[in-house]
Amino acid sequence: MITLYQFTISQFCEKARWALDHKGLIFTTENLLPGTHARKALKVASSTQLPILRHGMNYIQGSGNIITHLDDAFPTRLLTPEDPELRKEALELERRLDKDAGLHLRRFFYTYMLQDSRQLRKLITLYGPWYSNNFYTLMLPTIKSRLVRDMKLNALEAERSRLILNNLLVHLDQKLENKEYLVGDRFTRADLTAAALLSPICQPPEHPYHTENLRLPHDLAEFQDRLKDRPFYHWVQRLYQQHRWEVKPADRYML
Ligand SMILES: N[C@@H](CCC(=O)N[C@@H](CS)C(=O)NCC(=O)O)C(=O)O
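Rules and cut-offs
Per chain, residues are indexed from 1 in the order of the written sequence. Reporting of local features is limited, given that this is a predicted model, to residues whose pLDDT is at least 70; pairs of side-chain atoms are given and counted only at 80 or more, and all residues count toward the totals for whole chains, interfaces and linings. For side-chain calculations, the full set of non-hydrogen atoms in the structure is used, while hydrogens and water are omitted. Each axis is a line fitted through C-alpha atoms, taken for helices only over the stretch in contact, and angles between the N-to-C directions span 0 to 180 degrees. Under the DSSP-based scheme used, a helix requires at least four consecutive residues in state H or I and a strand at least two consecutive residues in state E, with every element numbered from the N terminus. Comment on the angle field: the value is read as roughly parallel under 35 degrees, roughly antiparallel over 145, roughly perpendicular from 65 to 115, and oblique elsewhere. Working rule for contacts: check all heavy atoms of both residues, and any pair within 4.5 Å makes them a contact. Charged means Asp, Glu, Lys or Arg here, nonpolar means Ala, Val, Leu, Ile, Met, Phe, Trp, Tyr, Cys or Pro, and polar covers whatever is left, Gly included. Each residue is tested against the molecule or strand, and it is near if at least one of its non-hydrogen atoms lies within 4 Å. Contacts described as polar in this section are N or O atom pairs within 3.5 Å, which, within protein, must combine one atom able to donate a hydrogen with one able to accept it, while residues neighboring in sequence count only if both atoms come from side chains. One less than the number of residues in a helix, times 1.5 Å, gives the span that helix is expected to have. Under the scheme applied here, a residue whose accessible area is under 20% of the maximum for its type counts as buried, over 50% as exposed, and between as partly exposed, the area being computed with a 1.4 Å probe on protein chains only. Taking the helix axis as origin, the arc is that swept by the directions to the C-beta atoms. A pair of strands is treated as paired once DSSP finds two or more bridges between them. With the strands aimed away from the viewer, a crossover counts as right-handed if its path from the first strand over the helix to the second runs clockwise.

1. Here we look at the packing of helix 1 (residues 11–22) against helix 3 (residues 63–73)
Argument step 1. Look at helix 1 against helix 3: their axes get within 9 Å of each other, and the N-to-C directions meet at 10°. Taken as axis vectors, helix 1 and helix 3 run roughly parallel relative to one another. Residue-level contacts link F12, K15, A16, A19 and L20 of helix 1 to S63, G64, I66, I67 and L70 of helix 3.
Argument step 2. Classifying every residue of the contact of helix 1 with helix 3 by side-chain character gives 7 nonpolar, 2 polar and 1 charged.

Here is the structure:
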């Protein structure tokens with residue numbers, strides 16, 4: 001039995017979820033809400049961060065650890081290259097992506113999402129429990145100040161994060177100039193990580209929670225518009241089209 005403890009809209013949870021789907025595994029999800037998630041997480045793991053995967057009696061925390069665990073436990077459709085050089089390259093790139101496309105995109109993204117309380121509430125309650133909308137209407141001011149504190153959301157940090165993200169995007173554009181995939185010649189955890197972590201700004205229609213329907217606040221929408229012709233942007237859309245649902249629901253196997 002496999003369960004993913006997640007926030008539906010988290011990019012790191014999308015990374016873990018995609019890895020589970022890539023393996024063709026049938027799993028259940030437990031959708032937690034930011035704020036109330038901490039108690040649940042600390043019961044089974046050492047910190048409050050999601051995603052956390054429950055596999056039988058084991059709990060694995062962190063999207064990268066989850067991919068490694070899945071490749072060890074289900075060694076078909078490997079996401080980690082077997083060749084030692086390619087494996088090293090994929091893991092190094094994943095580490096950079098986790099930071100630059102994960103933490104920095106998130107900081108930049110939420111700094112601007114805070115400008116639009118309605119969309120912010122819509123985003124964090126997406127597919128949440130029935131009471132989430134009312135709960136967050138009351139809790140939004142508290143949640144906002146926690147987001148600001150935990151993610152260091154302010155204009156200066158957001159600008160620094162935007163520059164770091166831009167460097168990464170230039171690096172990806174260059175890497176993808178004459179290549180289909182980031183490492184070697186097949187889909188690996190580096191590609192999955194890049195596409196999942198960039199999904200908030202690329203909004204691919206194949207995202208399982210249809211985040212493409214979310215209206216971005218003005219500044220963020222303008223930033224997105226400027227990216228739409230870039231090679232990395234098209235590449236993320238293509239990866240979602242070709243690889244996000246490669247194993248069809250009917251062909252999955254249950255444990
Ligand atoms: N390195 C971690 C990052 C996970 C992470 O940052 N999770 C965020 C959501 S995107 C989280 O759980 N934040 C709430 C908290 O830390 O309590 C991973 O790869 O899974």
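After presenting the structure, the write-up continues.
2. Concerning the site of the ligand
Argument step 1. Around the ligand, the neighbouring residues are F7, S10, F12, H37, T48, Q49, L50, P51, G62, S63 and R106.
Argument step 2. A distance of 2.8 Å separates an oxygen atom of the ligand from a polar atom in the side chain of R106.
Argument step 3. Counted by class, the shell around the ligand contains 4 nonpolar, 6 polar and 1 charged residues.

3. A look at helix 7 (residues 155–175)
Argument step 1. For helix 7, spanning 21 residues, the distance from its first C-alpha to its last is 30 Å, which sits close to the expected 30 Å at 1.5 Å a residue.
Argument step 2. Residues of helix 7 that are buried include every one of E157, A158, S161, L165, L168, L169, L172 and D173, and no others. Seen from one end, helix 7 has its buried residues packed into an arc of 140°, which puts them on one side. Of the residues in helix 7, the exposed ones pointing more than 90 degrees away from the buried face are L156, N167 and Q174.

4. Here's the deal with the pairing of strand 2 (residues 28–31)
Argument step 1. Bridging between strand 1 (residues 2–6) and strand 2 involves 4 bridges; their strand directions are parallel. Within strand 2, the position partnered with Q6 by the bridge is N31.
Argument step 2. For the crossover that starts at strand 1, traverses helix 1 and ends in the parallel strand 2, the hand is right-handed.

5. Notes on the pairing of strand 3 (residues 52–55)
Argument step 1. Summarising the sheet, strand 1 and strand 3 pair through 4 bridges and their orientation is antiparallel. In the sheet register, I2 faces strand 3, and the bridge partner there is H55.
Argument step 2. Here strand 3 pairs with strand 4 (residues 58–61) via 4 bridges, running antiparallel. Within strand 4, the position partnered with I52 by the bridge is Q61.
Argument step 3. Between the end of strand 3 and the start of strand 4, which pair antiparallel, lie 2 residues, with G56 showing a positive phi angle near 60°.

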